[in-house]
Amino acid sequence: MSISPPYSPELQNHLTGKHLLAFEIPFSQEILTEHLKNGYVSETCGVQSGNGSYHCVRCGNKDQTLFYTFPCKICKQDCTYCRSCIMMGRVSECAKLYRWTGPGIQYTIPDNVMRWTGTLSAGQQNASDCVVEAVNGKDEFLVWAVCGAGKTEVLFPAIEAALLAGKRICLATPRTDVVLELSPRLKKAFPAIEVVTLHAGSEDRHGFSPLTVSTTHQLFRFIEAFDVIIVDEVDAFPYSMDDSLHYAVNKSKKVSAATIYLTATPSKSIQRLYRSGKLKAFIIPARYHRQPIPVPEMKWSGNWEKLFLQQKIPSKINAWVSERLNQNIPFLLFFPSIRVMEQVLPLFQRLSPELSIVHSRHPDRKEKVMALRNGLVPGLMTTTILERGVTIERLEVAVIGAEHEVFSSSALVQIAGRVGRSFANPSGTVTFFHYGKSEAMAEAVHHIQMMNKNAMKRGLLDE
C-alpha cells in the first residue's frame, strides 16, 4: 500500500477553488514546485494562443485589441498579456495560474448553523421554498422581487440547507456597496461559521469559507469552487454589460452547481427567458410589510441645468430640500453626473452646510452613508452609485434631472425602492424633478404601479 506524500494544509486552504498567479500565493517557489510534482497543484498558462488569436484563461477575454505583446524580462522573449483584467495583476503567456488539485478540505457544519429567528411573509416563504428546491435540484432559478421585499431573508433557508449538505456557497453582486450591506447580515444570521467577504481592498481575500460574499469581479480568482452561486442585483452595472463577469461567475462554480439570480428589475432578455419557460422564476410583487411601494411623483422643475449655471436652485427643488431639512427627514438627492453635483454643492450647502456628496470615486462613501443612517448628517447628494443596497429608516429621495439618459427605467425603480422599506416607516415620498418627461420615467412609474396592482390581486397587501 503506497503512502501519499505529505502536503501543506495552509497551501491547500489558500488555493482550494482558486486560480491564482504566483505573486498571490504567499508560499516559496520550492513548496509550490514540490506540490506540483506530487500532483497536489496544477498550473496553466494565463494567456493561451491558437489559430493566430489569444485567449485569457482568467477572465475569458478574446477581444484581440485587449491583448498587448511586449519584450518580457521574465521569459526573455516577446510575450503577450491581457489588458482586460490587468487591474488584478498582469496575466501573460509566461505567467502561470495555479489551482489546488489535491484532497478537498474537510470541515464540519454545526446543526444549528443558522441563528436567524425572523419569520417570512407568505410571498417570501413561497419564494424561499422554490430556492431551496432549486439548490437541492442543482437548477437555475430567478427570484424577481420588488425592492424591499426581503430578498436576502428569502435566501437564508436555502443557504442553511446547502451548508448542512456540505455545499460551498457564494453570494455575489456587482457592487461593493451591496457586498458591504449584505456581509454583516449574513454574519449575524450564520455566526457559527466564518463568512469571507471579498471586494477590492478586502483583507480576508485568501481565506477558505463554506460561505463567501463577493463582488463579481473577485470571482476571476476562483475556479470550480462553489456548489451554489447566488447572483444578487443580476441586472446591475457592470455585470449586466460585461460578458467577462458572466464568464467569472460560470468559471467559479462547479459543473453541477445551482445558480440563483435575484433582482427587482430584470433585463428584457431575462424576462424573455422567464416568459418562454427557459428560466424558472418566482415573483414577489410586494414588500414583506404588506404596504404598497411608494409611487414616484413627477415634478417639472424648469431648465435645471441653466439655473444651476446661474447659481440658482430651481424653486421646487429648493422647497423639497428645505422641507426635509425642517422636518428632520433623511434624504438622498440623485444627480445625473459627478460634474453637475460638484458644481452645485456650494449652492445646496447654503441650505445646510452639513450636506456632502458621494460618488464611485469617493474613498469614504461607506462612512458617509453610515453617517446618514445614524442621523449625523441630514442628507447626501449622490450619483446612481447609491441606487441599490442602501436601507435607511424614514429615507426619502429625489432625482434631479430625471429625464437624463443615465437614469434608465431600472435605475429609477431602484432609486424609488430606497423609500418605505421598514415596518415602522412603510411610506415616504419619491420625486422625479425633470425638464420634460422621459420614456424611462414613465416606464418606472408604470412598473411600480403594476407591481402594486399585482400584489393587491394576490392578497399580499393590507387593505
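Here, the structure is the one placed above.
Predicted, not measured: the structure shown is a model, and the values here were computed from it.

A.B. asks: Explain the side chain of Ser8 to me, and be specific about the residues and the numbers.
C.D. replies: Mapped onto the fold, Ser8 is located in the segment before helix H1 (9-15). Residue Ser8 is classed as buried on the basis of its relative accessible area, which comes to 14%. Looking at Ser8, its side chain comes within polar contact range of the main-chain nitrogen of Leu11, at 3.0 Å. Not counting residues up to four positions away in its chain, the partners in contact with Ser8 are Phe27, His35 and Trp100.

A.B. asks: For the state of the cysteines, give the residues involved together with the corresponding values.
C.D. replies: In the structure shown here, the tally under the stated rule is zero disulfides. Cys59 supplies the cysteine sulfur nearest to Cys56, a cysteine that is in no disulfide, at a spacing of 3.7 Å. Here Cys56 falls in the buried class, since its relative accessible area comes to 0%. Note on Cys170: no disulfide assigned, nearest cysteine sulfur contributed by Cys59 at a separation of 18 Å. Using a relative accessible area of 0% as the deciding quantity, one classes Cys170 as buried.

A.B. asks: How would you explain unusual backbone geometry if you had to name every residue and give the values?
C.D. replies: Backbone geometry follows two general trends: most residues other than glycine have a negative phi, and most peptide bonds adopt the trans configuration. We note that Gln311 has phi near 65°; this positive angle belongs to a residue other than glycine. The exposure class of Gln311 is partly exposed, given its relative accessible area of 42%. Its identity as a non-glycine residue notwithstanding, Asn328 has a phi of 55°, on the positive side. Its location among the elements puts Asn328 in the loop between helix H9 (315-327) and strand S15 (331-334).

A.B. asks: Give me the lowdown on the pattern of salt bridges, citing residues and values where you can.
C.D. replies: Scanning the entire structure with this criterion turns up 13 salt bridges. We note a salt bridge from Arg373 to Glu181, for which the minimum N-O separation is 3.2 Å. One end of the pair, Arg373, is in helix H11 (residues 365-373); the other, Glu181, is in helix H5 (residues 176-189), and 192 residues separate them in sequence. Notably, a salt bridge pairs Glu396 with Arg324, separated by 2.7 Å at the nearest N-O pair. Here Glu396, found in strand S18 (residues 396-400), pairs with Arg324, found in helix H9; they are 72 residues apart in sequence, far enough to count as distant. Of the residues examined, Arg324 reaches a relative accessible area of 6% and is grouped as buried.

A.B. asks: I'd like to hear about the packing of aromatic side chains, residue by residue, with values.
C.D. replies: Taken as a whole and judged by the stated rule, the model has 19 aromatic pairs. Between Tyr68 and Tyr81, the ring centres sit 5.9 Å apart and the planes meet at 70°, which makes this aromatic pair edge-to-face. Remark: Tyr81 occurs in strand S5 (residues 78-82) and Tyr68 occurs in strand S4 (residues 67-71); sequence separation between them is 13 residues. Connected via pairs of aromatic rings, a cluster forms that spans Trp304, Phe308, Phe335 and Phe348. Of note, Arg90 hangs over the ring of Tyr81, and the distance from its end group to the ring centre comes to 5.4 Å. Of note, Arg324 hangs over the ring of Trp320, and the distance from its end group to the ring centre comes to 4.1 Å.

Cut-offs and rules
For every chain, the first residue of its written sequence is number 1, and the numbers climb from 1 along that sequence. Local features in this predicted model are restricted to residues whose pLDDT is 70 or higher, and side-chain atom pairs enter the listing and the counts only when it is 80 or higher, whereas totals over whole chains, interfaces and linings include all residues. Here the side-chain values reflect all heavy atoms present in the structure, with hydrogen atoms and water set aside. Where helices and strands are cited, they refer to DSSP runs of H or I of at least four residues and of E of at least two residues respectively, numbered from the N terminus. Accessibility here uses a 1.4 Å probe with only protein chains present; expressed as a share of the type maximum, an area under 20% marks a residue as buried, one over 50% as exposed, and anything in between as partly exposed. The definition of a polar contact used here is a pair of N or O atoms within 3.5 Å, where within protein one atom must be able to donate a hydrogen and the other to accept one, and adjacent residues in sequence count solely through side-chain atom pairs. Should any heavy atoms of two residues lie within 4.5 Å, those residues are counted as being in contact. Criterion for a disulfide: a pair of cysteine sulfur atoms within 2.5 Å. What counts as a salt bridge is simple: a side-chain nitrogen of Lys or Arg found within 4 Å of a carboxyl oxygen of Asp or Glu. Ring pairs shown here join Phe, Tyr and Trp side chains whose ring centres sit within 6.5 Å, with only the six-membered ring taken for Trp; geometry is labelled stacked below 30 degrees between planes, edge-to-face above 60, and tilted in between. Two conditions define a charge located above a ring, namely a distance within 6 Å from the ring centre to NZ of Lys or CZ of Arg, and an angle within 35 degrees of the ring normal.

Take it as geometry only, folks, not as evidence of what the structure does.
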